[in-house]
Amino acid sequence: MVKCTINGQTVEVKEGTTVIEAMHQEGMKIAHYCWHPGLSVAGVCRLCMVEIQGNPRLQVGCNTVVTEGMNINNTSDKVKEAVQWGLDFHLINHPLDCPVCDQAGECGLQDQYMEFGQYDSIMAEPKQKKHKVVDLGPTVVLDSERCILCSRCVRFTTEVSKTNELGIFNRGDHSEVGTHEGTSLDNNYSLNTVDICPVGALTSKDFRFKQRVWYLKEQKTICNGCSTGCNIKVYFNTEGFFRVKPVYNEQVNGYWMCDQGRDIYKFANKQARYQGGKRYNQGQWVTDEAPGHVAMQASKVIAQNKNKTALILTGQYTVEEYEIAIQSFLASVGNSIGIKNIYHWNSHISEINNFDGTLLRGDRNPNTKGLIKVFEKYNIQTQVEDLEKAIEAGQIDTAIVAGPEDLTYYKQSNQKMVSLISALKNIVWLQSTINPELEEKVKSNLFIIPMKSYLEKSGTFINFNGIEQSFRAVTTVMSQALTLGQAIGLMMGDQKAVLPAAETAADHAVKPFVQESRPASQVMAEERKKNEFIYKRGATNER
Amino acid sequence: MKHLISFDELKSDFVKNQSLQVEKYIFIDAFGDQAIEVPKDDIVVLMQFLFEVKQFDFLIDICGVDYPDRALRFDVVYHLLNSITGQRLRIKSQVAENEGVESVIQVWKGADWFEREAFDMFGIKFHGHPNLRKILTHHEFVGHPLRKDYEASRQQSCATSLPIHFDNEPGSPGDVLNPKLLPLNIGPSHPAMHGTLRVMAELDGETIVRANCEIGYLHRCFEKMAETHPYQQVIPYTDRLNYCSAPMNNIGYCKAVERLLEVEIPPKAQAIRIILAELSRIADHIVAVGTGGVDLGALSAFFHLFVFREKIYDIFEKLCGARLTVSLTRIGGIGNEPPEGWYQLILDFCDSMDKEIDEISRLMLDNKIFVKRTMGVTPIKPQEAVAWGYTGPLLRATGMAHDIRKLKPYYGYDQLDFKIPVGTSGDIYDRYLVRIEEMRESVKIVRQICKNIPEGDYTIRDKSIVLPEKKDVYGNIEGLMNHFMLIIKGIKPPQGEVYDATEAANGELGYYLVSDGSAAPYRLKVRPPCFAIYQSFPSIVKGSMIADAIAAVASMNIIAGELDR
Amino acid sequence: MSMSLDSAMTGTQNHDDLTRSFAFTTQLDAVMTWGQRNSLWPLAYGTACCGIELMSVMGPKYDLARFGAEVVRFSPRQSDLLLVAGTITEKMAPVLVRIYRQMLEPKYVLSMGVCASSGGFYRAYHVLQGIDKVIPVDVFIPGCPPTPEAVLDGIMLLQKMIKDQNPRPWKQNWKAPEL
């Protein structure tokens, strides 16, 4: 361990740590653009200047290794002036794009100008023009004028995704980031470059122009795209979820996440969800019912067919929910027939050990291990093949299926499952997102109960490695939707719908969406409602 | 030399009193304000002591602040003023949600409505208060709106109005009407009720036996809006407080924020702020005198005076583009440089205003009918006025020469030559006399300044407080980024609290600003001058005739925007 | 339309010249609306800052009297134009409805300023988000406060509406609340 003094504070660091790493560890502020803890050192931005005692010139903090007894200072006037001039040089050709740039509100230039700059500009030359909207690939757009040539994206494609797609071309004033001849930025980790770009040069096609950053709140949670369980934060406001960014976790995902996980927020937004429960009975659809009500109807049917009811679970729900659901199911249905009719539906069972080398795993369910753990607790060993046999043998009449959130990976498996159970008398399907296949194919007595997305629940996922990761509910999108524990509890006739242990005061402290659950006082009084005139645009009452 | 009492002196005096738990007191001296945090059981004894012995004769304000994360959730904050030395003191006390604190109405009559408002907004109970019920929100309103868990836009509708009711007095509850007397309801939609005031009276013939006023018809939730908007965005809300003299509210607010940020604005900005304040004072007194005359039937004065109000609007319009709700000041100075010829315009206005004041003087104050209707009507003694919390022209009409511009001068008022007009009996005639003389003095002040405008910049140039010039915002990237960051992230003053008061047209307009380091104020309490004045109305008009009650309301110059906020 | 001097002197009339006849023809509606729009008796319901600007509109510089709206009556029984100027709070709403109901037909409502039209920038717990939540409105005048010229423009628009007999469609559907 090496001791040094930074800004008057004594700091002890490991051998080989650079100045900027030491300052980052201690939480001290230093201006920087090109350094990133997950990438190699470049030393191109020249902003992380520090004054080291005994050295007449200022040194860069990112490439200077701390030695014993070093006295480092980055608050003196000399350093301040150097940083201001450095910022000035970075901004010489920077376009006045703040009003249209996505990065406004989280922009490195804006933040560091207010923190370290605050100088008057004396730049009088016209600015250099470069290519503005360059399509780098299927997910990322480049704006060369805004680029400050920190080379983080280039180092990323070289070191992390190892696809070597980006580079910096031309010299001097005409330098631009671009893709090598014949390639495009088309790998499974391309959107990480958007995260690490400190300015608005690289922007995500998905999030571009959708929402301003300061209207978004963020909360940390776990990705449910695959069994790695990368730590992420979702950005949301009362209109819905907007984007997903990775959070550093040393054990699980490091600094990065894959592109597949960037889409998970779409399955929690209102457009993709069931707005109300549905029932299909003898050719008639009854739609827009309260989910609890549908569950109660289903419970009557199940009560008649208790011995022939099967519970089919995917690995997409939290451990706490599984506990409650299985406990409640077994208590009510019992194992009087000798075999517990609970089955694990995993669409990717054959690919469970696939790994793409960086983060993405073949098993697209976040909580397979969690489900297996609960199965072991209750000594359930059945597989999906057993389900097929049981249906053929006529032992199953009613099926309760807890479906997945993201149907894109379950496409074929969904078709198979739907056709498998379409022969049964009664089907209760629990899912948060809309399943069109189900609604078309199934012709028996069908109950569809909308579920809460995992972003609205608190719970635990266990990843492929056995690491338990807990997360808290972010917000509520569908306040009437049920959790697995509640749904199964209601269907087993338990009127008091047991809440999973994790869904306690912490969840009730989460503020629901204003549209879904406005307090009565915010709704207009009855007579005001009667007199409200809905103005139809284009109506020709005016002359 | 005024002797300002230091904390050591106070502490030694407190210790001599056996019933005070001085060891629990916390003495705070920050941002130039002195504050003491005391346990709530000591409040009444302490207040009595400060009032009688230490001569803190004014109870300026009582308000609450909500800290929902604390066990003792509410802060009850008292502001006191010693009118002889000009020393201010803040006493704070922490109260839990279901407990209450002893009312100080026994020490100062003027604590009445302030405590009712704290109860309405937070739910803090004041034991011993005879009338602890809602004052600003409507009677069907459920909840306490200024608590942090009450959402700002959660409206609650009201379908009925309250029947005629009075304040509880010993022996006669307020909601029981005397069947022998005639109940009369005036307002809130009434020509003489200056907008939205409601006066209820029980008459014996024409004499008022009991009177009561109901306010809150213009409660626009200014304090909640201030908590949900960044500091700069609160300035247009302050405009709408006393809308007759909008720049004065802006100046008061910006002065408080600047004290919290510990910046000093340049001398030119100070001079221009004084010009704007004095012109608004003239504008406000024009409305007071004009509409006061209209209420008594004297319409000509109104039409004469409003010509001059239009001239003042012209002056404001040349500076910022708006006539009435101007938002002229910014934190750090004023909004923009006055155009060419602006000072000359003002000097011309001053000359014509002088002549007009003479004319109005003759038209109204020498008019026999006016004299008969206002002289000797509802007089008030200075001690009673101070007990109620009167400040401004109404207090000066009683004979007390109390003006913050002379007591604790700011912005260079001490270098200017002007007098404080003072009345003798506090009756309605004296109030109008004082107002008209004050207009004269204001003209004098404006003339003095316009002739010696200091050189310099009209605003400070601190990049973390003041927006850059437009040529920089559209011209270079640094200006654009600076502008962006100030608008998105806002100004972030240090944590702390400050109380700042200016002499507005109606009296002492104070702003109590609590900051938690974020971009919006944590709590902004406005101490409106006419709130303290109007609470004395029921007791003042007892025994006079109904026509005198109308004249009294007019003379108090109650501006509902300020009263109800 | 020329008159020869001798016919004026001799008193003979050109019977095509209606300006010298003792009667002229028109429609009853036209006369009625002419009278209604040129003699509006406003009830100046001024609550806040717009109330002060309303005083300016009625003042000598921007004279409202030249549009016929000189007689300001504070009693709803005697006026026909309810000029709501200023913020209406939830507490004031029942009072406003009562005043509106006490007015006699034909009656018009002019909402002056953004606070009366939509709540203004007070999205708050005690402010009515527009008086059209409780009474039917004919003309909305935006502005905070609107300049007196804007108010005059609004009055002129109302006059045009009266002339064209074109009330707002929601007016017929408005039902007074049960009391």
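A. Inspection of the overall build of chain C at higher detail. Broken down by element type, chain C carries 7 helices and 4 strands. Listed N to C, the secondary structure of chain C is α-α-β-α-β-α-β-α-β-α-α in terms of helices and strands. Counting the 179 residues in chain C, one finds 45% classified as buried. Within chain C, contacts between residues at least 6 apart in sequence are counted, and of these 78% link residues at least 24 apart.

B. Structural context of the overall build of chain A. Across its full length, chain A holds 14 helices and 22 strands. Counting over 543 residues, chain A shows a buried share of 43%. Look at the contacts in chain A between residues 6 or more apart in sequence, and 66% of them connect residues 24 or more apart.

C. Up close: the confidence of the model for chain A. Residue and element names in this part refer to chain A. Scored by pLDDT, chain A comes out at a mean of 84, with 90% of its residues at no less than 70. Note that residues 498-523 has pLDDT below 50 and, in this model, 44 contacts with residues that lie over four places away or in other chains. This stretch, residues 538-543, has a pLDDT under 50; its non-local contacts, to residues over four places away or in other chains, come to 3 contacts.

D. A look at the sheet that holds strand S1 (residues 2-6) of chain A. Residues and elements named next belong to chain A. Strand order in the open sheet formed by 5 strands is S2-S1-S5-S3-S4, with mixed pairing between adjacent strands. The open sheet terminates on both sides in strands that have one partner only, identified here as strand S2 (9-13) and strand S4 (59-60). Strand direction decides the pairing type here: S1 and S2, joined by 5 bridges, are antiparallel. When the sheet's bridge partners are listed, isoleucine 6 is paired in S2 with glutamine 9. Where helix H2 (residues 77-90) meets the sheet, it contacts strand S3 (49-52) and strand S5 (70-73), and its direction lies at approximately 160° from that of S3.

E. Representation of the interface of chain B and chain A in the model. Contact residues are listed per partner, giving 15 residues for chain B and 18 residues for chain A. The class makeup of the residues in the side of chain B that touches chain A is 7 nonpolar, 5 polar and 3 charged.

F. Seen up close, the interface of chain B and chain C. Facing 39 residues of chain B, the contacting portion of chain C comprises 33 residues. When residues of the side of chain B that touches chain C are traced back to their parent elements, those giving at least two are helix H4 (222-228), helix H8 (299-320) and helix H20 (560-564) of chain B. Residue contributions to the side of chain B that touches chain C peak at 4 residues, all from H8(B). Partitioned by chemical class, the residues of the side of chain B that touches chain C number 17 nonpolar, 16 polar and 6 charged.

G. A look at the domain arrangement of chain A. Residues and elements named next belong to chain A. Per the domain assignment, the segments making up chain A are domain 1 (2-90), domain 2 (120-267) and domain 3 (277-518). Taken over C-alpha atoms, the centre of domain 1 sits 26 Å from the centre of domain 2. Listed per partner, the contact involves 11 residues of domain 1 and 13 residues of domain 2. In terms of residue class, the side of domain 1 that touches domain 2 is built from 6 nonpolar, 4 polar and 1 charged.

H. Seen up close, the nonpolar core. Membership of the largest hydrophobic core comes to 351 residues, with the highest contact counts inside it found for A:Ile312 and C:Leu83. Here this core gets 15 residues from one element, more than from any other, and that element is helix H7 (residues 267-296) of chain B. What A:Ile312 contacts, discounting residues up to four positions off in sequence, is A:Tyr343, A:Trp345, A:Leu387, A:Ala399, A:Ile400, A:Val401 and A:Ala402.

I. A look at the environment of B:Gly216. Take B:Gly216: it is sitting in the loop between strand S10 (207-214) and H4. For the pair B:Gly216 and B:Pro267, spaced 51 residues apart in the sequence, the C-alpha separation amounts to 39 Å.

J. Up close: the sheet that holds strand S19 (residues 426-431) of chain A. All names here are of chain A. Taken together, the 7 strands give an open sheet; going across it, the order is S15-S14-S20-S19-S18-S16-S17, and neighbouring strands pair in mixed fashion. Two strands in the sheet have a free side with no partner beyond their single neighbour: strand S15 (284-289) and strand S17 (342-344). With strand direction ignored, the average angle separating the axes of adjacent strands in the sheet is 15°. Strand direction decides the pairing type here: strand S16 (residues 309-313) and S17, joined by 3 bridges, are parallel. Bridge pairing links leucine 313 to histidine 344 in S17. Each of strand S14 (277-281), S15, S16, strand S18 (398-402), S19 and strand S20 (445-450) is contacted by helix H6 (residues 291-304), which is oriented at about 145° to S20, the strand it contacts most. Lying over the sheet, helix H12 (residues 484-491) contacts S18, S19 and S20, oriented at roughly 160° with respect to S19.

K. Inspection of helix H9 (residues 342-365) of chain B at higher detail. Counted at 1.5 Å a residue, the expected span for H9(B) with its 24 residues is 34 Å, and the 33 Å between its end C-alpha atoms agrees. Check the buried side of H9(B) and you find it contacts H7, H8, helix H10 (368-374) and helix H14 (428-451) of chain B.

L. Highlighting the pairing of S3(A). Residue and element names in this part refer to chain A. Across 2 bridges, the pairing between S3 and S4 is antiparallel. Bridged to methionine 49 within S4 is valine 60. The hairpin formed by S3 and S4 contains 6 residues between the paired strands, and glycine 54 there has a positive phi angle of roughly 100°.

M. Structural detail: the pairing of S19(A). Residue and element names in this part refer to chain A. With 6 of 6 residues buried, S19 lies mostly within the body of the structure. Side chains of S19 alternate between two faces, with Asn426, Val428 and Leu430 and Ile427, Trp429 and Gln431 buried alike. Where S18 meets S19, 5 bridges bridge the pair, whose relative direction is parallel. Directly across from alanine 399, in S19, lies its bridge partner isoleucine 427. With helix H10 (residues 411-421) bridging S18 and its parallel neighbour S19, the resulting β-α-β unit is right-handed. Summarising the sheet, S19 and S20 pair through 6 bridges and their orientation is parallel.

N. Expanded view of the packing of H7(B) against H14(B). Residue and element names in this part refer to chain B. Their axes nearest at 9 Å, the elements H7 and H14 cross at an angle of 155°. When the interaxial angle is binned, H7 and H14 end up roughly antiparallel. The handedness of the crossing between H7 and H14 comes out as left-handed. Contacts from Ala271, Ile274, Ile275, Glu278, Leu279, Arg281, Ile282, His285, Ala288, Val289 and Gly292 in H7 reach Tyr432, Arg435, Ile436, Glu438, Met439, Ser442, Val443, Ile445, Val446, Ile449 and Cys450 in H14. Residue composition of the contact of H7 with H14, grouped by class: 15 nonpolar, 3 polar and 4 charged.

About the criteria used
Residues numbered from 1 in each chain as written. Chains lettered and ligands numbered in written order. Predicted model: local features only at pLDDT ≥ 70, side-chain atom pairs only at ≥ 80, totals over all residues. Helix = DSSP H or I, 4+ residues; strand = E, 2+ residues; numbered from the N terminus. Buried ≥ 20, exposed ≤ 12 C-beta atoms within 10 Å, placed from the backbone. Contact = placed C-beta atoms within 7 Å. pLDDT = per-residue confidence, 0-100. Pairing = 2+ DSSP bridges. Axes fitted to C-alpha atoms, helices over the stretch in contact; angles between N-to-C directions. Nonpolar A, V, L, I, M, F, W, Y, C, P; charged D, E, K, R; others polar. Domains from an automatic or database assignment. Core = buried A, V, L, I, M, F, W, Y, C linked by C-beta atoms within 7 Å. Expected span 1.5 Å × (residues − 1). Right-handed = clockwise from strand over helix to strand, strands pointing away. Parallel < 35°, antiparallel > 145°, perpendicular 65-115°, else oblique. Left-handed = near helix turned anticlockwise from the far one by under 90°.

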